[in-house]
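So the chains spell out like this:
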Amino acid sequence: MGGVVDDEEPGCQDRAGRSGWNQLNMTDVILVLNGGSSSLKFAAFEGRDELHLLVRGSISSVAERPRLNVAPTATTPPFQRSLGEQEISIGDAFEAVASYLTDRGLLGRVRRVGHRIVHGGREFVRATLLDQRTLDALHQLEPLAPIHQAINLELVKLAHRLLPGAMQIGCFDTAFHATQPGIARLYGLPHELSEQGIVSFGFHGLSYSHIANELHARYGAGAGDRAIVAHLGSGASLCAMKAGRSVATTMGFSTLDGLVMSTRCGAIDPGVLLHLLLDRKLTPEELAALLYDKSGLRGVSGISGDMQTLLASENPSAARAVDLFVYRVGREIGSLAAALGGLDTLVFTAGIGEHAPAIRRRICDAAAWLSVALDEGFNSSGEDLVSATNSRVDVLVIPADEERAVAKGLLSFETL
């Protein structure tokens with residue numbers, strides 16, 4: 001289950017216990033694959049007692065002018081390569097990553113492949129060996145995460161085909177939230193539906209588990225005590241954590257819930273959905289496309305789902321979309337602070353959270369009633385602690401690192 005400990009990540013623990021699985025050699029490589037709707041992130045680590053990053057990179061914009069980007073590390077120089085002008089498949093993206101790792105002499109050293117898998121449902125609440133039974137169960141969850149789940153599982157198939165001797169292990173975005181009290185996961189639906197699995201799961205758990213461990217390193221066992229973490233990217237959510245454990249979160253049964261996102265609507269009156277289906281006569285497929293792809297910042301602005309593009313625009317509709325985003329984040333911070341009984345730490349992470357100081361400032365202004373105060377100089381200069389000296393709440397900017405969260409789980413994974 002979740003929680004903060006020194007040597008493993010919440011949601012990334014071995015299922016079968018410690019039973020003698022041969023430990024990784026120092027030169028063996030852990031490969032982590034993190035597939036999204038428009039990108040493929042990857043990282044390679046080595047080390048037995050402590051992880052050492054060898055390579056971190058991504059293939060961005062899979063749908064248009066895809067590009068391989070590798071960040072510099074202690075052992076790897078930066079690297080960029082165009083993959084053409086046309087859309088490529090996730091299989092093509094994986095082949096490009098495999099080719100790069102082969103050229104670096106790393107692919108043949110891979111002994112474990114860790115996969116970020118968005119939905120683990122009620123069954124998979126810790127890292128799990130991806131055998132056929134597990135994969136069959138995970139495929140059943142595809143309707144609950146249609147943007148990500150199929151891509152995640154396609155990468156498992158591709159990695160198994162290329163690296164048949166490597167262990168394929170899944171870590172789940174939903175797992176971190178398994179520590180929530182049962183009441184926080186219930187909807188006001190008939191009990192039999194809850195028993196059938198129509199409950200709030202929560203997502204972005206691997207990102208939150210990484211932040212929980214970072215807070216643990218900074219604050220000790222209290223892990224920032226009462227903390228709200230804002231994972232603000234193209235997908236966005238908030239998580240309330242008490243001493244590093246999930247108490248409540250804004251995403252629920254699906255990745256549509258909660259905040260307004262890049263192209264997703266966020267929380268919406270169910271009556272709107274009934275109206276669109278029954279009165280406007282949208283098909284289920286049309287409704288899904290509307291909610292997942294045509295709403296959010298893109299839909300409200302009519303311009304773009306990219307926050308930086310909207311911030312640079314002088315169009316009033318762009319400002320309206322940004323205003324709505326900030327308003328919804330501010331309102332949900334209030335809700336989560338109530339669930340925590342107060343607030344000690346506010347953390348920003350992911351693309352918008354890390355790279356949009358103007359959005360951080362506006363959100364902190366909205367949370368001023370909680371005694372949140374931002375230092376404008378720190379906020380603009382890229383510091384990790386950006387709160388003012390008179391702020392009763394520590395405000396931090398911590399880079400997301402889902403790949404390390406997965407790798408830490410694999411480091412301790414053992415099987416029968």
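Residues numbered from 1 in each chain as written. Predicted model: local features only at pLDDT ≥ 70, side-chain atom pairs only at ≥ 80, totals over all residues. Heavy atoms only, no water.

1. Quick look at helix α1 (residues 90–103)
Working step 1: The first and last C-alpha atoms of α1 sit 20 Å apart over 14 residues, in line with the 20 Å expected at 1.5 Å per residue.
Working step 2: Those residues of α1 that fall on the buried side of the exposure criterion are I90, G91, A93, F94, A96, V97, A98, Y100 and L101.
Working step 3: Structurally, α1 contributes buried residues whose contacts are with β1 (29–35), β2 (40–46), β3 (52–60), β4 (67–71), β5 (79–82) and α3 (149–162).
Working step 4: One or two positions beyond α1, positive phi appears at G105, with a value near 75°. (Helix = DSSP H or I, 4+ residues; strand = E, 2+ residues; numbered from the N terminus. Expected span 1.5 Å × (residues − 1). Buried < 20%, exposed > 50% of the residue type's maximum accessible area, 1.4 Å probe, protein only. Contact = heavy atoms within 4.5 Å.)

2. Section: the sheet that holds strand β11 (residues 245–249)
Working step 1: With respect to topology, 5 strands assemble into an open sheet ordered β11-β10-β9-β12-β13, the strand pairing being mixed. Single-partner strands in this sheet number two, and they are β11 and β13 (394–397). In this sheet, neighbouring strand axes are inclined to one another by 25° on average, regardless of whether the strands run parallel or antiparallel.
Working step 2: For strand β9 (residues 226–232) and strand β10 (residues 236–242), the ladder comprises 7 bridges, and the chain directions are antiparallel. Its bridge partner lying in β10, V229 is registered against C239.
Working step 3: Helix α11 (residues 316–340) rests against β9, β10, β11 and β12 (345–349) of the sheet, and its axis sits at about 20° to β10. (Pairing = 2+ DSSP bridges. Axes fitted to C-alpha atoms, helices over the stretch in contact; angles between N-to-C directions.)

3. A word on helix α8 (residues 284–293)
Working step 1: Along α8, the residues that are buried comprise L287, L291 and Y292. The buried side chains of α8 occupy one side of the element, clustering within an arc of 115° when seen end-on. (Arc of directions from axis to C-beta.)

4. Observations regarding the packing of α11 against helix α13 (residues 357–366)
Working step 1: It is at 9 Å that the axes of α11 and α13 come closest, and there the two elements cross at 45°. The orientation of α11 with respect to α13, classified from their angle, is oblique. For the pair α11 and α13, the sense of crossing is right-handed. When α11 is examined against α13, the residues V322, D323, F325, V326, V329, G330 and I333 are found in contact with a partner set consisting of I359, R362, I363 and A366. (Parallel < 35°, antiparallel > 145°, perpendicular 65-115°, else oblique. Left-handed = near helix turned anticlockwise from the far one by under 90°.)

5. Things to note about the sheet that holds β3
Working step 1: Pairing in this open sheet of 8 strands is mixed, and the strands run β5-β4-β3-β2-β1-β6-β8-β7 from one edge to the other. Single-partner strands in this sheet number two, and they are β5 and β7 (128–129).
Working step 2: Bridge analysis of β3 against β4 gives 5 bridges, and the strand direction is antiparallel. Looking at the pairing, I59 lines up with L68 of β4.

6. Digging into the pairing of β9
Here is the key point about a regular strand: its side chains alternate between the two faces of the sheet.
Working step 1: By the criterion of burial, β9 is predominantly enclosed, with 6 of the 7 residues buried.
Working step 2: What sits between β9 and β10 in their antiparallel hairpin is a turn of 3 residues.
Working step 3: Strand direction decides the pairing type here: β9 and β12, joined by 5 bridges, are parallel. Considered in β12, the bridge of A227 is made with T345.

7. Some words on the packing of aromatic side chains
Working step 1: A full pass over the atoms with the stated rule returns 3 aromatic pairs.
Working step 2: Taken together, a centroid distance of 5.4 Å and an interplanar angle of 35° make the contact between F79 and Y100 tilted. Of this pair, F79 sits in strand β5 while Y100 is found in helix α1, placing the two residues 21 residues apart along the sequence.
Working step 3: Of the residues examined, Y100 reaches a relative accessible area of 6% and is grouped as buried.
Working step 4: Judged by centre distance (5.6 Å) and plane angle (25°), the ring pair of F124 and F172 falls under stacked. Separated by 48 residues along the polypeptide, F124 in the loop between β6 (110–117) and β7 and F172 in strand β8 (residues 167–172) bring together distant segments of the chain.
Working step 5: Judged by relative accessible area, F124 falls into the buried class, the value being 4%. (Phe/Tyr/Trp six-rings, centres within 6.5 Å; stacked < 30°, edge-to-face > 60°.)

8. Things to note about the nonpolar core
Working step 1: Counting residues in hydrophobic clusters, the biggest one holds 44 residues, and the most contacted among them are I228, L232, L238, F325, I333, I359 and V372.
Working step 2: Listing elements by their share of this core, those giving two or more residues are β9, β10, β11, α10 (307–312), α11, β12, α13 and β13.
Working step 3: The element contributing the most residues to this core is α11, with 10 residues.
Working step 4: Membership of the second largest hydrophobic core comes to 31 residues, among which are I88, V97, L106 and L155. (Core = buried A, V, L, I, M, F, W, Y, C linked by side-chain atoms within 4.5 Å.)

9. A short note on the confidence of the model for the protein chain
Working step 1: When pLDDT is averaged across the protein chain, the result is 89; 92% of the residues are at 70 or more.
Working step 2: The model gives residues 1–21 a pLDDT under 50, and that stretch makes 83 contacts with residues more than four places away or in other chains. (pLDDT = per-residue confidence, 0-100.)

10. Here we look at the state of the cysteines
Working step 1: Taken as a whole and judged by the stated rule, the model has 0 disulfides.
Working step 2: Residue C364 stays outside any disulfide, its sulfur separated by 18 Å from that of C239, the closest cysteine. (Disulfide = S-S within 2.5 Å.)

11. Thoughts on the pattern of salt bridges
Working step 1: Under the defined criterion, the tally for this structure stands at 14 salt bridges.
Working step 2: In this structure, D173 engages R116 in a salt bridge whose closest nitrogen and oxygen atoms are separated by 2.6 Å. With D173 in the loop between β8 and α4 (182–185) and R116 in strand β6, the pair connects residues that are 57 residues apart, well separated along the chain.
Working step 3: For D173, a relative accessible area of 0% translates into the label buried.
Working step 4: Through salt bridges with shared partners, a single network forms among R56, D401, E403 and R404. (Salt bridge = Lys/Arg side-chain N within 4 Å of Asp/Glu carboxyl O.)

12. What about the packing of helix α7 (residues 270–278) against α8?
Working step 1: As a packed pair, α7 and α8 sit with axes 10 Å apart at the nearest point and diverge in direction by 135°. With respect to their mutual orientation, α7 and α8 come out oblique. The handedness of the crossing between α7 and α8 comes out as right-handed. For the pair formed by α7 and α8, the contact residues are L273, L276 and L277 on the first element and P284, L287, L290 and L291 on the second.
Working step 2: Of the residues belonging to the contact of α7 with α8, the class tally is 7 nonpolar, no polar and no charged. (Nonpolar A, V, L, I, M, F, W, Y, C, P; charged D, E, K, R; others polar.)

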